[in-house]
Amino acid sequence: MSIFKQKTISKNISINGVGLHSGKKVSLIIKPSNPNTGIIFKRVDLNKNNEIVPDVYNVSSAVLCTTISNEFGVKVSTIEHLMGALFGLGIDNALVELDSEEVPIQDGSGKNFVEKIKEAGISISNSPIKVIKINNKIEHKNNSKVISIEPSKINLEIDFEIKYENQMIGTQRNVVKVYEDDLEEVYNSRTFCLYEDIEIIKSMGLAKGGSLDNAIVVQGDKVLNK
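## Examining the overall build of the protein
What the protein contains, in helices and strands, is 4 helices and 17 strands. In terms of overall size, the protein behaves like a compact globule, its C-alpha atoms giving a radius of gyration of 18 Å where 226 residues would be expected to give roughly 17 Å. Along the longest, intermediate and shortest principal axes, the C-alpha atoms of the protein span 55 × 45 × 35 Å. Expressed as a percentage of the 226 residues in the protein, the buried residues total 33%.

## Observations regarding a nonpolar patch on the surface
On the surface, Phe87, Leu156, Ile158, Phe160 and Tyr179 cluster together into a nonpolar patch covering about 480 Å² of accessible area. Locating Tyr179 in the fold gives a position in the loop between strand S14 (171-177) and helix H3 (184-188).

## Thoughts on the pairing of strand S3 (residues 25-32)
By the bridge criterion, 6 bridges tie strand S2 (residues 13-18) to S3 in an arrangement that is antiparallel. Looking at the pairing, Ile15 lines up with Leu28 of S3. Two strands pair when backbone bridges link them, and S3 and strand S9 (residues 94-98) are joined in this way by 5 bridges, in the antiparallel orientation. Paired with Ile30 across the two strands is Val96, which belongs to S9.

## A closer look at the sheet that holds strand S16 (residues 216-219)
In space, the 3 strands of this open sheet follow the order S15-S16-S17, with mixed pairing throughout. Across the chains shown, the open sheet's two edge strands, defined by having one partner strand only, are strand S15 (192-194) and strand S17 (222-223). Of the strand pairs in this sheet, S16 and S17 are connected by 2 bridges, and their pairing is antiparallel. Considered in S17, the bridge of Val218 is made with Val223.

## What to know about the layout of surface pockets
Volume-wise, the second largest pocket comes out at about 230 Å³. Lining the second largest pocket are 14 residues, and of these His21, Lys75, Ser77, Glu101 and Leu206 sit closest to its centre.

## Topic: the environment of Glu185
Along the chain, the position of Glu185 falls in helix H3. Given a relative accessible area of 64%, Glu185 falls into the exposed group. Counting along the chain gives 74 residues from Glu185 to Lys111, while the straight-line C-alpha distance between them is 9.2 Å.

## A word on the nonpolar core
One finds Ile30, Phe41, Val76, Leu82, Ile91, Val103 and Ile117 to be the most contacted residues of the largest nonpolar core, which totals 30 residues. Going through the elements one at a time, S2, S3, strand S4 (39-43), helix H1 (80-88), S9 and helix H2 (111-120) are the ones with two or more residues in this core. Ranked by residue count, the leading element in this core is H2, at 4 residues. If we skip the residues at most four places from it in the chain, Val103 touches Val18, Gly19, Val26, Leu28, Phe41, Val76, Ser77, Thr78, Ile79, Leu82, Leu98 and Phe113.

Thresholds applied
Residues numbered from 1 in each chain as written. Predicted model: local features only at pLDDT ≥ 70, side-chain atom pairs only at ≥ 80, totals over all residues. Heavy atoms only, no water. Helix = DSSP H or I, 4+ residues; strand = E, 2+ residues; numbered from the N terminus. Rg over C-alpha atoms; globule rule 2.2 N^0.38 Å. Buried < 20%, exposed > 50% of the residue type's maximum accessible area, 1.4 Å probe, protein only. Patch = residues over 30% accessible without salt bridge, like charges linked within 9 Å, V, L, I, M, F, W, Y side chains within 5 Å. Areas by Shrake-Rupley, 256 points an atom, 1.4 Å probe, with all protein chains shown as cover. Salt bridge = Lys/Arg side-chain N within 4 Å of Asp/Glu carboxyl O. Pairing = 2+ DSSP bridges. 1 Å grid on protein atoms, 1.4 Å probe; cavity = no way out; pocket = protein on both sides within 12 Å on 5 of 7 lines; lining within 4 Å. Points joined across faces, edges and corners; volume = space filled by probe spheres on them. Core = buried A, V, L, I, M, F, W, Y, C linked by side-chain atoms within 4.5 Å. Contact = heavy atoms within 4.5 Å.

Here it is as C-alpha cells:
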C-alpha cells in the first residue's frame, strides 16, 4: 500500500456506545470521502452549522480529552482514539457522523476503531498526500512538562515518557517509529486513571460514562480491573 497516496475507507462503518465524559449514548458512522476533503465531524443531531474540522485551530479544550468546536460553538469531544486510529492506518479523508457531543469510548483504546476500519477496507486514490514539513526545532515547557518537535527527513518518531508518584505506574518510556513499527501496542493502550482522582474528575462534571469496562483504574499497587 502506497503511503504517498490519499486514502479513505471502502464502506460505511457503524459504531454504537457511550461517551466517557457525557455519559450519553451515541451512534457513530464513518463514511468514505473524496480526496482533499480531509477528516470532518458532523453532528447529525443538529440541523445546521454542525460540521467541525479537527485541526489545531479548532481545539477548544484539552482537559482529560480533546474537544473540537466550530465558530458556532458546536463541539465534539474525546476524538483522540478515533483520530489516532485514522492516522495510524493512513486514512486522509472521511466523514464522521455522530448523534451526540462525544465519540463513543468503547474499551478506552483505539483497538475497536482500528479493527472496524480494517474490516471495512481501505481505498487508495490517485491524489498525493499533503505533508507538513518541520524545518526547525520547536520546544514548549510547562513546569515539569516538556514537548519538542525536531526535523526528520524519513520518519515520524515519537519518544515519550510519563512520570507518576504511584509506584505501580512509576516512570515509563517508549519510542515509536510510526511508519516502521507494529502499532498494535499503541492501539491497545487504554485510558487509565488513579482511583484517588475519580471524585475530582467527577466533581468537574466529567467521567459520567466511566466504568471499569472503558478505563483502567490503578489504586495503590494494584489494578482494580480484572
